[in-house]
Amino acid sequence: MINCLIIFWLSHIFFVSKQGLMRLNQEKFNEYYQALLAKDHQYEGAFFACISSTGIFCRPSCHARKPKKENVEFVMSSQEALRKGYRPCKVCSPMQALADKPDWLNILFTVMETEERYRFSDQDIKDLGIDPNRVRRWFKKNHNMTFQAYLRSLRMGQAFGHLNQGGKVIDAAMEYGYESLSGFTHAFKQLTGKSPKNIDANTVIESYQLLTPLGPMLAASINEKICLLEFNDRRMLETELIAIQKHFKAPIVLKKNKVIEQLQEELNEYFTGKRKKFSVALHMVGSDFQKQVWQVLMTIPYGEVRSYKQQAQSMQHPKAFRAVANANGANKIAIVIPCHRVIGSDGSLCGYGGGLERKKQLLKLEGYRV
């Protein structure tokens, strides 16, 4: 659930050729080449690698065999790669949203959605012309769980939504793929610690993966408020998930709800330059001081930056800039609470939980010259 990208063309330098790039910016070329070798997801959206020896172009995180440095040309968009005559790589599918389902998997999702099926055996999958092992590998790679675990989480999320809207327990059990009422009750108690008859709005945290130009993100909400939005590859994500579960005394289920749909719409508008301020409701999880820091973050205008020192001064704690920096790092709602707009007093970008390259791209998107 934790793991599981709309292609974007944030352009900050235009390189007309590999040779031109190496002359103009050797350091940037080396940085991108090392990111390509490391399959670094944090550079998604920053560049595409065109390989002259094969005639293909790849995304930064491609797992194909890595090319020699002299055979690489970096461009800022898939359109530019196509104009130069390169073909999309079949391994990383750079024309497709990263973590979005591939074409061969569409029929399985279509059956799930049109027939509202929440149970599939290996034979059911084979009957659709798909290798169950291939499905298993894709879900493990993109969602960090097997397909069957994904279905179980989806069933429970849908069943919870049914109950939370006043539906009957027996109807929830039968409608969402449970073979018996006792089996559903046992599964529900294991997940929530409560009987399905005793649920309330705070019984579970609903989560769903969202696609963004800079990589897939995990969104979570409770009581119609967003409590988490993080890049899937953030190192602290697991710690943050544990923290919100302890705070709300509730487990996490896979379910897309209205507030998460609103967040996806607002993120789409933000990345296309149509939104400068978010309106989605938030539930901040942290200490009083951390919440104060995050509230101040939200007062930094779009396209502007502040230093940690300036942020501390605005809070009337001029000497607490280190504590402010630590609180910024503990922000669990990326982009919406714009910790990317805080930089060092010397103008350096400093740290960012989603990676410095993403921080650069967010600031450039907002019109700040990095």
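Structural data are supplied above this passage.
Here we summarise the structure given alongside this text. (Residues numbered from 1 in each chain as written. Predicted model: local features only at pLDDT ≥ 70, side-chain atom pairs only at ≥ 80, totals over all residues. Heavy atoms only, no water.)

1. Considering helix α2 (residues 26-37)
Note: α-helices contain 3.6 residues per turn, so residues at a spacing of three or four share the same orientation. Taking 1.5 Å per residue, 12 residues should reach 16 Å; α2 reaches 16 Å between its end C-alpha atoms and fits that length. For α2, the complete set of buried residues consists of K28, F29, Y32, Y33, A35 and L36. Considered in projection along α2, the buried side chains sweep an arc of 160° and stay on one side of the axis. (Helix = DSSP H or I, 4+ residues; strand = E, 2+ residues; numbered from the N terminus. Expected span 1.5 Å × (residues − 1). Buried < 20%, exposed > 50% of the residue type's maximum accessible area, 1.4 Å probe, protein only. Arc of directions from axis to C-beta.)

2. Thoughts on the packing of helix α12 (residues 288-297) against helix α14 (residues 321-329)
Put simply, α12 and α14 touch, their axes get as near as 9 Å, and they point 80° apart. Here α12 lies roughly perpendicular to α14, going by the angle between them. For the pair α12 and α14, contact is made by F289, Q290, V293, W294 and L297 and by A323, V324, A327 and N328, respectively. In terms of residue class, the contact of α12 with α14 is made up of 7 nonpolar, 2 polar and no charged. (Axes fitted to C-alpha atoms, helices over the stretch in contact; angles between N-to-C directions. Parallel < 35°, antiparallel > 145°, perpendicular 65-115°, else oblique. Contact = heavy atoms within 4.5 Å. Nonpolar A, V, L, I, M, F, W, Y, C, P; charged D, E, K, R; others polar.)

3. Structural notes on helix α15 (residues 356-365)
Among the 10 residues in α15, 8 count as buried, and that is most of the element. Buried within α15 we find E357, R358, K359, K360, Q361, L362, L363 and L365. Buried residues along α15 sit against α2, β7 (225-231), α11 (258-271), α13 (308-314) and β10 (342-343). Remark: G367 follows α15 within two positions and exhibits a positive phi of approximately 95°.

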